[in-house]
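# Overview (structure and organization)
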Amino acid sequence: MRAMVLEAPRTPLVETELPDPEPGPGQALLRVLACGVCRTDLHVVDGELPDPKLPLVPGHQIVGTVVAGAANARHLPVGTRVGVPWLGHTDGTCAYCRSGRENLCPAARFTGYQIDGGYAELTRADARYCFPMPSQYAAAEAAPLLCAGLIGHRCLAATGDAHRLGLYGFGAAAHVVIQVARHQNRDVFAFTRAGDATAQAFARELGAIWAGDSDEPPPAPLDAAIIFAPVGALVPMALRAVAPGGVVVCGGIHMSDIPSFPYAILWGERVLRSIANLTRRDGEEFLALAPRVPVRTEVQRYPLAEANAALADLRGGRVRGAAVLVP
Ligand SMILES: [Zn+2]
Ligand SMILES: [Zn+2]
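Here's what I pulled together on the structure shown here. Being a predicted model, the structure only gives us computed values, none of them experimental. (Residues numbered from 1 in each chain as written. Chains lettered and ligands numbered in written order. Predicted model: local features only at pLDDT ≥ 70, side-chain atom pairs only at ≥ 80, totals over all residues. Heavy atoms only, no water.)

## Some points on the pattern of salt bridges
On inspection of all chains with the given rule, the structure shows 13 salt bridges. Residues Glu15 and Arg2 are paired through a salt bridge, measuring 3.1 Å at the closest nitrogen-oxygen approach. Of the two residues, Glu15 sits in strand 2 (residues 14–17) while Arg2 sits in strand 1 (residues 2–5), which places them 13 residues apart along the sequence. For Glu15, a relative accessible area of 43% gives the class partly exposed. With its nearest N and O atoms 2.9 Å apart, the salt bridge here joins Arg320 to Glu205. One end of the pair, Arg320, is in the loop between helix 8 (307–315) and strand 17 (322–326); the other, Glu205, is in helix 5 (residues 197–205), with 115 residues separating them in the sequence. By relative accessible area, Arg320 is classed as partly exposed at 30%. Residue classification places Glu205 among the exposed residues on the basis of a relative accessible area of 56%. The structure contains a network of salt bridges with shared partners spanning Arg2, Glu15 and Glu121. (Salt bridge = Lys/Arg side-chain N within 4 Å of Asp/Glu carboxyl O. Helix = DSSP H or I, 4+ residues; strand = E, 2+ residues; numbered from the N terminus. Buried < 20%, exposed > 50% of the residue type's maximum accessible area, 1.4 Å probe, protein only.)

## Section: helix 3 (residues 148–157)
Among the ten residues of helix 3, nine are classified as buried, and the element is accordingly described as predominantly covered. Of the positions making up helix 3, those classed as buried are Ala148, Gly149, Leu150, Ile151, Gly152, His153, Arg154, Cys155 and Leu156. Elements that come into contact with the buried residues of helix 3 comprise strand 9 (131–132), strand 10 (164–168), helix 4 (172–183), strand 13 (222–227), strand 14 (242–250) and helix 7 (280–289). (Contact = heavy atoms within 4.5 Å.)

## So, the coordination of the zinc ion (ligand 2)
For the zinc ion (ligand 2), every protein donor is listed as Cys38 (SG), His60 (NE2) and Cys147 (SG), and the spread of their distances is 2.0 to 2.2 Å. Mapping the donors of the zinc ion (ligand 2) onto the primary sequence yields the spacing C-x21-H-x86-C. Of the two residues, Cys38 sits in the loop between strand 3 (27–37) and helix 1 (39–45) while Cys147 sits in the loop between helix 2 (139–142) and helix 3, which places them 109 residues apart along the sequence. The burial state of Cys38 is the same as that of Cys147; both residues are buried. (Donors = N, O, S within 2.8 Å, 3.2 Å for Na, K, Ca; no water.)

## Description of the pairing of strand 16 (residues 299–303)
With five bridges connecting them, strand 16 and strand 17 associate as parallel partners. Following the sheet pairing, Val299 is matched in strand 17 by Ala322. Crossover handedness for the path strand 16 to helix 8 to strand 17: right-handed. (Pairing = 2+ DSSP bridges. Right-handed = clockwise from strand over helix to strand, strands pointing away.)

In structure tokens form, the structure reads like this:
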């Protein structure tokens, strides 16, 4: 099979012919139909996440067709279209796993990081972590639901019933979250890189009642904010923008250092928290919710061999919606 391979951090992916993966016990072999490109892939490629499997096939928003089933996975017969997310393995026995928090399992392993992912023509995945995909979506449109959508959903849940919601960074996750938030009649305020008129216009098209630069105060105090951009300096900005009792949620897996800030902007029972990974329950909930909203993803397609260009466009803020690789 053809794959785009990370041989060492901070080097471009290399187009490589690899032997077809052999599914092990409990694994399904999938023909990849589409694989979303996530900011986390950039953090892996850039060496910001420690100790990736090497060489590595990145990619953790995989939509594929089962071409060889797993003996113990009767729910995934050959021909089923499934999604493979970031969470690829847990021990199922630790205190986190037993309390509905498998996203925090210390033995968890992740697709496209410690397990080869979907920047390839074929992949294999533990059938227990694959989701059946809603049939309403074409494969490329479905791929961003698997991380941008799922993690966005978990972040949005962490804001409770906040009515005035700020989104910092208007990329793949925010363009999904805003649709769910509008469906729930929340008011959305979108914050982008200073002067990014394109992203601000995109946010308004999707229903933001205000869009501006991230260093601007919103026109009214927010009840909650979600930070998707990997920029620690946004944390004090978001804390200043939320009202007492408000929550600031950091949605990314990696962020630059957070500058020190005066206690006064946390005072007033403001809450600062992160969101880590996903549970399978998040996936089931969100994949059922998305077609009901209905969430419509906007994608920029790239041929598999153009993965480096997709990553560069994501890094440069040139992607409207989500970037998706199509073999
Ligand atoms: Zn566990
Ligand atoms: Zn991701």
